[in-house]
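Descriptive analysis of the structure
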Amino acid sequence: MADGCACDRNAQTYLSVPEALKWGLAAAHPVTETETLSLSDSIGRVLAEDCVSKVDMPAFDNSAMDGYAVRMSDLGQGPLFDLPVIGRIAAGDSGRHSAPAGGALRIFTGAPVPAGFDAVLMQEDCEHTTDGIRFARCPKPGQHIRRAGEDLEAGAPILRRGCEIGPREAAALASAGYGEVKVFRKLRVAIFSTGSELRQPGEALGPGQIYNSNRFMLLALLDKQWIELSDRGPVADKPELLKAVLREACDTSDLIVTTGGVSVGDEDHMPLLFTEIGGETDVMKVAMKPGKPIMFGRRKNALYIGLPGNPVSAYVTWQIIGSQMMARRAGLHRAVPIPEQAVLDEPLERRAGRQEYRPVRIEGTLPDGTPRLRLMAASYSGRVALLAQADGLAIIPAETEEMSAGQQLGFLRF
Ligand code: AMP
Ligand code: MG
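The shown structure was predicted, so the numbers you read here are calculated from the model rather than taken from an experiment.

Scoring rules and cut-offs
Residue positions are given per chain, counted from 1 along the sequence in the order it is written. Labels are handed out in written order, letters beginning with A for the chains and numbers beginning with 1 for the ligands. With the structure being a predicted model, the display of local features is reserved for residues of pLDDT at least 70 and the display and counting of side-chain atom pairs for 80 or more, all residues being used for whole-chain, interface and lining totals. To obtain the side-chain values, all non-hydrogen atoms of the structure were used and water was disregarded. Here the bounds of each domain stem from an automatic or database domain assignment. Cavity and pocket criteria rest on a 1 Å grid covering protein atoms alone: a 1.4 Å probe that fits but cannot get out defines a cavity, protein on both sides within 12 Å along at least 5 of 7 lines defines an open pocket, and an atom within 4 Å of a point defines a lining residue. Grid points are joined across faces, edges and corners, and a volume is the space filled by probe spheres set on the points. Note on conventions: DSSP H or I runs of at least 4 residues are helices, E runs of at least 2 residues are strands, and numbering of each starts at the N terminus. Lys, Arg, Asp and Glu make up the charged group, whereas Ala, Val, Leu, Ile, Met, Phe, Trp, Tyr, Cys and Pro make up the nonpolar group; the residues left over, Gly among them, are polar. Axes here mean lines fitted to C-alpha atoms, for a helix over just the part in contact, with angles spanning 0 to 180 degrees between N-to-C directions. Between 65 and 115 degrees an angle is taken as roughly perpendicular, under 35 as roughly parallel, over 145 as roughly antiparallel, and anywhere else as oblique. Note on convention: near helix rotated counterclockwise from far helix by under a right angle means a left-handed crossing. Clockwise means right-handed. Contacts are assigned to residue pairs that have any heavy atoms within 4.5 Å of one another. Nonpolar cores are built from buried Ala, Val, Leu, Ile, Met, Phe, Trp, Tyr and Cys residues. Side-chain atoms within 4.5 Å join them into one set. Exposure is judged per residue with a 1.4 Å probe applied to protein chains only, and the accessible area is read against the type maximum: over 50% gives exposed, under 20% gives buried, and values in between give partly exposed. Stacked, tilted and edge-to-face are the three classes applied to pairs of Phe, Tyr and Trp rings, where Trp contributes its six-membered ring and a pair requires centres within 6.5 Å; stacked means planes under 30 degrees apart, edge-to-face means over 60, and tilted covers the rest. Definition of a polar contact: a pair of N or O atoms within 3.5 Å, with one able to donate and the other able to accept a hydrogen when the atoms are protein atoms, and with sequence-neighbouring residues admitted only if both atoms are side-chain atoms. In this text, near means that some heavy atom of the residue lies within 4 Å of the molecule or strand in question. In short, Shrake-Rupley with a 1.4 Å probe defines the accessible areas, and a residue's cover is counted only from the protein chains shown. Think of it this way: if more than half of a molecule's atoms are within 2 Å of a pocket's grid points, that molecule is in the pocket or cavity.

Attention now moves to the domain arrangement of the protein chain. Parsing the protein chain into structural domains produces domain 1 (17–33 + 186–329), domain 2 (35–57 + 161–183), domain 3 (62–146) and domain 4 (340–413). Measuring from the centre of the C-alpha atoms in domain 2 to the corresponding centre in domain 4 gives 39 Å.

Listed below in structure tokens is the structure:
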């Protein structure tokens, strides 16, 4: 697998979470193909080009207020200033105005400030006179004028490739004059859930059967504009069946995400099957709780992530490692989420060794706003209901055996 991988299935080495993440990101090669879309069609996609502004932003000097444009040179000594109003200019007007000296222009927000006018008075600061305005406070030169290019000059970088085009990016691209943008093609992602015990919600449960929650969790997690999702549903723990689905998914996808079947039990077929279809695998024992083991694999273009079957384990491993790998594979440049600081509301005792992501509730806050966290349960890897009731995950460092009430720790808010 990827060069420098310290993990070896046989050696059973445990990787720390940062090591596993580093390895996973190195194995996730970004897509390279791009397409050019209209700006409206590009929303939610991954930008594939560095963009510079095509225009000055704003394009011309304009008023930041509803009020009056004046020339400083027309103002006398005060304490009161009187000027006739000699014209009117609104947003959308050209701003070409041959106003004689000695008068103010009625002006509105966004209207071009004509050449020579060098300050705008707020209308609230002006009184009406018979032919004009009177005001008491001498304006500062340039006041309430938004200068051409003050937000960004034409030619200056506005967005880097690799960002997801969200509301802020879409607005910036529009202002910078982009009618079309180049984006990475959609990432083809296939998912399936392994397990002969799985039933569809809505069906009756037979003995030994459970509802398939991972499938719907993944559908929600992968609901992105930049993903072309292929949902292959549940697949029973029958090696030939699993192998056929896995092979087909690998042939047609950039990324395959499955749940279950990656552990060391007799019904955990995925590692062997992945090898049998010509892939290279690593079951990585990651020193995280919940979560081990996670399986990664590559076969030609396809990257494979095998999440644990236990739903909370699947969710946490996906959030901490899998989703970062997928983002990289899709061409996104995304920083790993930075946990916020929180404090424990109660003492904690546990076994050291694995970095733990423990579901917690926010019990309240300290006076400075820091969340106070209440631990939910010590054993939770299969507890989907508990996950739905949690407010986030507390991060308990691998070496920690005990913590006292009030102690600080990292918190990933949902
Ligand atoms: P496995 O990793 O396949 O050994 O599964 C571990 C546990 O997670 C077992 O109790 C499974 O029944 C459960 N499980 C596996 N897949 C799912 C799923 N899609 N939805 C809910 N529970 C699951
Ligand atoms: Mg299973």
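Text resumes after the structure shown.
Gaps left between atoms show up when a probe the size of a water molecule is rolled over them. Empty space within the largest pocket amounts to approximately 430 Å³. Around the largest pocket, the lining is made up of 22 residues, and of these Gln 319, Ile 320, Gln 324, Pro 337 and Leu 412 lie nearest the centre. Every element with two or more residues in the lining of the largest pocket is listed here: α1 (17–27), α7 (311–329), β25 (355–365), β27 (392–396) and β29 (408–413). Among the residues making up the lining of the largest pocket, the classes are represented as 15 nonpolar, four polar and three charged. Residue-level mapping places the lining of the largest pocket at the junction of two domains, with at least three residues from each of domain 1 (17–33 + 186–329) and domain 4 (340–413).

Here we come to the packing of helix α4 (residues 214–221) against α7. Packed helix pairs are characterised by how far apart their axes lie and by the angle those axes make with each other. For the pair α4 and α7, interaxial distance at closest approach is 10 Å and the crossing angle is 20°. In terms of their interaxial angle, α4 and α7 are classed as roughly parallel. Helix-helix and strand crossings are classified by hand; for α4 and α7 the assignment is right-handed. Residues Asn 214, Met 217 and Leu 221 of α4 pack against Pro 311, Ala 314, Tyr 315, Trp 318 and Gln 319 of α7.

Let us look at the nonpolar core. With 51 residues, the main nonpolar core has Val 189, Met 288, Ile 321, Met 326 and Tyr 357 as its most contacted residues. Sort the elements by how many residues they give to this core and α7 lands first, with 10 residues. Counting the residues that make up this core, at least three belong to each of domain 1 (17–33 + 186–329) and domain 4 (340–413).

As enumerated under the stated definition, the model contains four aromatic pairs in all. Ring centres of Trp 23 and Phe 296 lie 5.2 Å apart, and the angle between their planes is 55°; this geometry places the pair in the tilted category. In this pair, Trp 23 is assigned in helix α1 and Phe 296 in strand β21 (residues 294–299), connecting sequence segments 273 residues apart. Classification of Phe 296 as buried rests on a relative accessible area of 1%. Between the aromatic rings of Phe 274 and Tyr 304, the centroid separation amounts to 4.9 Å while the plane-to-plane angle is 20°, which identifies the pairing as stacked. Of this pair, Phe 274 sits in helix α6 (residues 270–276) while Tyr 304 sits in strand β22 (residues 302–307), placing them 30 residues apart in sequence. A relative accessible area of 0% places Phe 274 in the buried class. Overall, Tyr 304 belongs to the buried group, its relative accessible area being 0%.

Moving on, we come to unusual backbone geometry. Following Gly 78, the chain continues into Pro 79 via a peptide bond in cis, with omega recorded as 5°. Take Pro 79: it is sitting in the loop between β5 (67–70) and β6 (81–89). Residues Lys 289 and Pro 290 are joined by a peptide bond in cis, for which omega reads -5°. As for its position among the elements, Pro 290 is in the loop between β20 (288–289) and β21. Phi at His 144 is positive, roughly 60°, even though this residue is not glycine. Counting through the fold element by element, His 144 comes out in the loop between β10 (132–135) and β11 (145–146).

When you line up the elements, Glu 346 lands in the loop between β23 (340–344) and β24 (348–349). If near-sequence neighbours (up to four positions away) are discounted, Glu 346 is found in contact with Leu 373, Arg 374, Leu 375, Ser 404 and Ala 405.

Tracing the backbone shows Lys 243 in helix α5 (residues 239–252). There is a polar contact of 2.9 Å between the side chain of Lys 243 and the side chain of Glu 276. Filtering out sequence-adjacent residues up to four positions away, Lys 243 remains in contact with Leu 273, Glu 276 and Ile 277.

All right, on to the site of ligand 1 then. Neighbouring ligand 1 are 16 residues, the closest being Glu 197, Asn 212, Ser 213, Gly 261 and Gly 309. Contacts to ligand 1 include Glu 197, whose side-chain N or O atom sits 2.5 Å from an oxygen atom. One of the backbone N or O atoms of Ser 213 is found 3.1 Å from a nitrogen atom in ligand 1. Protein chains shield 75% of the accessible area of ligand 1, which is 480 Å² for the free molecule. More than half of the atoms belonging to ligand 1 lie within 2 Å of the grid points that define the second largest pocket. If you list the elements that add at least two residues to the shell around ligand 1, you get β14 (187–194) and β16 (210–211).

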